[in-house]
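Structural description and commentary
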Amino acid sequence: MQNLDGHELPLLLQRVIAACCNIVRNYFALLSDGFMFSSHIEEERLRHDLHDFMRHVLICKKDFKVEIENISGDRMITFNRKFNVIVVDSAKSLRELNPANLTKDYDIQEHYILYLMDAVRFSDLYLELHQIFSHFWQYYMLNVIVLVENPDIQVVDVYTYFPFHDGASCRHVHVKYINSYGDAWRYPIPKSLYPDKVGNLHKCPVTAAVWNTPPYLSFKRHPNGTIEIHYWEAELLYVLGDKFNFTVALIEPINNQQRGKQQPDGTINGAMGLMIRRTADLSLGSFRVTLERAAVLTGAESYYQTWQAYAFLKRAQPYTSLEILVYAFDNRTWICLVISFLTALLVAYFVQLRYDTSYWARIVMGIPRPTAPLTNIVMMMTGQAIGALPENTFCRFVLTLWDLFGLLLRTAYQSLLFQLLQSDLYHPAPFGLVDLMSRGCKIVTTNGTYDSVSTVPTFYLRLIEMHIIKNVSEQSIFFYVEAHKHECYAGISPEDFIIHHARVENKRGMFIVLPEKIFTQHLTIYFTKHTFLIDRFNEVLQNLRAMGLIDFWASNSVDRTYVEVPTEKQVFLPLTMGNLEGIFVTYLVLTALALVIFFVEIVISKWRK
């Protein structure tokens, strides 16, 4: 390989450049369209070699974007730091360059090629490499290789480190030679250059911040100091432990702070604070994906979803006795019945007034003249017997007609009323927020849940009255709603918590989950920022979800038959005109027949005269 100026480069420098270009072309270029070149050299005599190295590496792959920086220039935060080539001449130079300062908020693991110039001058190369790798491990950077010139055999040796080498050296930097480059690679790349370092954690402990949050995860501390966790996210945690061969160390946030949040003074408490301070490696237990958490933590891909929903007490609005009495018929039917009844009373009243002066009136009323025709109509409608029957056929037929009409209506009304009085009848559950507001209902929720739904304009503007319970337990919502069952309250909580309450309190069917959902909650596992676990955990979580195992575990803890979802259909529906159509048709047919009899009696009466 020749320098651009024409002079020949040292053989080892040529091989370092060739090794670096080979990695860029055969690994970096397959995953990205560019990389970051960073350098910091303290030895003045090495600057010429740095210049040669940089010029050749920058042109080793055409159409490949490269950003260049050094410690004395402007170093900007950019997303082009996923793949990096770094040149330093000591561990001290690396610490001063400090590439992690600009990638510490990444949620992914970057890749690094570090060229340690003139490494032969170090009396203890292993110690220098240990310091370099210790700096990377301090920021959880795993995908790091160091190129070192080996003048003894004129090759470039490649080193990396393993933080989990065996059970006796958990989280300790173990420097290891992995490859070398002469005229070609000794071992194939890229697996030999960037090996998996977290696939087997050798029974090392991984600390998880957990708390009691069933039906996702229960937390119980025994008097002897041991901790017991259950439910499906606990099962998920132990499955991950078996998969990656780590032991689970459990820690509980103090003062029942659970997930935690940012305080007015800027500090963050709870599980989030533990992970930010790296007291805990991860946390789970109904941990919802939010922008606030993503800013300070690294979240795995969402593996489960539930919904923020309204919980409505099924027995919250029973029908009153008066409402039950009129429930049997719908409004239209009641109007038709009242009109027909009043019509009969008015006709009877005016016919009675004309009895002495009208021949037709006497035929209608019958002979002998009834003493209380209006009362007779009411008595027959309610199924009571009347006094002496008139002699003429038309009047008797009308009485029979009215009696039959009343009998059919009474039977329909009484049969449904009998069922209604024997059962609990409640007003239909609302279908969403608009129904709740129209009924004058109130919302009850906890502080934690209110934080998640407070962006809803109706809640933010307090267009509906809200009661916020200062309690971290979601069950407190449902106990509050039950205690105020004679008022219209709706609780807001994730649907799985509603189901869990009904299950553990043996209250199947007591709560209704309204069809209108507030929003979907995506659950995840949160890790410390720039965690070394994220890539492999995402792979396993995707596989578990694709196989349906996560949903299967969750279904064992969340039995959705314990709550109801309202529909428009009710157990007892009021009778409508369509249901009573046969009765009214019979009534009209008999009325028409009565009119025929009326005219026949007039004709017969005139013929006799």
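What counts, and where the lines are drawn
Residues numbered from 1 in each chain as written. Predicted model: local features only at pLDDT ≥ 70, side-chain atom pairs only at ≥ 80, totals over all residues. Heavy atoms only, no water. Helix = DSSP H or I, 4+ residues; strand = E, 2+ residues; numbered from the N terminus. Contact = heavy atoms within 4.5 Å. Areas by Shrake-Rupley, 256 points an atom, 1.4 Å probe, with all protein chains shown as cover. Core = buried A, V, L, I, M, F, W, Y, C linked by side-chain atoms within 4.5 Å. Buried < 20%, exposed > 50% of the residue type's maximum accessible area, 1.4 Å probe, protein only. Pairing = 2+ DSSP bridges. Axes fitted to C-alpha atoms, helices over the stretch in contact; angles between N-to-C directions. Expected span 1.5 Å × (residues − 1). Disulfide = S-S within 2.5 Å. Phe/Tyr/Trp six-rings, centres within 6.5 Å; stacked < 30°, edge-to-face > 60°.

Examining the overall build of the protein
The helix and strand inventory of the protein stands at 20 helices and 19 strands. Partitioning the contacts of the protein with sequence separation of at least 6, the portion at a separation of at least 24 is 73%. Roughly 30000 Å² of accessible area belongs to the protein as shown, and the carbon and sulfur atoms make up 57% of that amount.

Examining the nonpolar core
In this structure, Leu114, Leu116, Phe133, Phe136, Leu282, Tyr303 and Ile525 are the most contacted members of the largest nonpolar core, which totals 80 residues. If you tally residues by element for this core, the top one is helix H5 (residues 232-244), at 6 residues. In contact with Tyr303, not counting residues within four places along its chain, are Trp232, Glu233, Leu236, Leu284, Leu523, Thr524, Ile525, Leu541, Arg545 and Ile550. Cys21, Leu50, Phe83 and Tyr115 belong to the second-largest nonpolar core, a separate cluster that totals 36 residues.

A closer look at the side chain of Thr446
Looking at the secondary structure, you find Thr446 in strand E15 (residues 442-446). Look at Thr446 and you get buried, because its relative accessible area is 1%. In contact with Thr446, not counting residues within four places along its chain, are Ile468, Ile469, Asn471, Ser473, Glu474, Ser476 and Ile477.

Observations concerning the sheet that holds strand E16 (residues 466-469)
Across the sheet, 5 strands lie side by side as E16-E15-E17-E14-E18; this open sheet has mixed pairing. The open sheet has two edge strands with one neighbour each: E16 and strand E18 (511-523). Going across the sheet, the axis of each strand differs from the next one's by a mean of 25 degrees, ignoring polarity. Pairing geometry for strand E14 (residues 304-313) and E18, over 9 bridges, is antiparallel. By the bridge assignment for E18, Gln305 is matched with His522. Contacts between helix H17 (residues 495-504) and the sheet are confined to E14, strand E17 (489-494) and E18, with E14 contributing the most and set at about 60 degrees to the helix.

What about the sheet that holds strand E8 (residues 205-209)?
In spatial order, the strands read E11-E8-E12-E19-E13; together these 5 strands make up an open sheet with mixed pairing. The strands lining the two open edges of the sheet, one partner per strand, are strand E11 (247-251) and strand E13 (298-299). In terms of strand pairing, E8 meets E11 through 5 bridges, oriented parallel. Each bridged residue has a counterpart across the sheet, and for Ala208 the counterpart in E11 is Leu250.

So, helix H9 (residues 331-353)
Its 23 residues give H9 an end-to-end C-alpha distance of 33 Å, which sits within 8% of 33 Å, the value for a rise of 1.5 Å per residue. Within the sequence span of H9, burial applies to Thr333, Leu337, Ser340, Ala344, Leu345, Ala348 and Val351.

A look at the state of the cysteines
Evaluation of the coordinates by the stated rule reveals 2 disulfides. Each sulfur of the disulfide joining Cys170 and Cys204 lies 2.0 Å from the other. Since a negative S-S torsion denotes a left-handed disulfide, the Cys170-Cys204 link at about -85 degrees is left-handed. Remark: Cys204 occurs in the loop between strand E7 (170-181) and E8 and Cys170 occurs in strand E7; sequence separation between them is 34 residues. Residue class for Cys204 comes out buried when judged on its relative accessible area of 1%. Covalently, Cys441 is tied to Cys488 through a disulfide, its sulfur atoms 1.7 Å apart.

Comments concerning the packing of aromatic side chains
The final tally for this structure, using the stated rule, is 29 aromatic pairs. Arranged with centres 5.0 Å apart and planes meeting at 80 degrees, the rings of Tyr140 and Phe532 form a pair that is edge-to-face. Taken together, the residues Tyr140 in the loop between helix H4 (125-138) and strand E5 (143-150) and Phe532 in the loop between strand E19 (526-527) and helix H18 (534-546) connect sequence positions 392 residues apart. Accessibility classification places Tyr140 together with Phe532 in one group, the buried group. Among the aromatic residues, ring-to-ring pairing joins Tyr27, Phe28, Phe35, Phe64, Phe83 and Tyr194 into one connected group.

Here we look at the pairing of E14
Of all 10 residues making up E14, 8 are buried, and the element is well covered by its neighbours. As paired strands, E14 and E17 are joined by 5 bridges and run antiparallel to one another. Bridged to Ala311 within E17 is Gly491.

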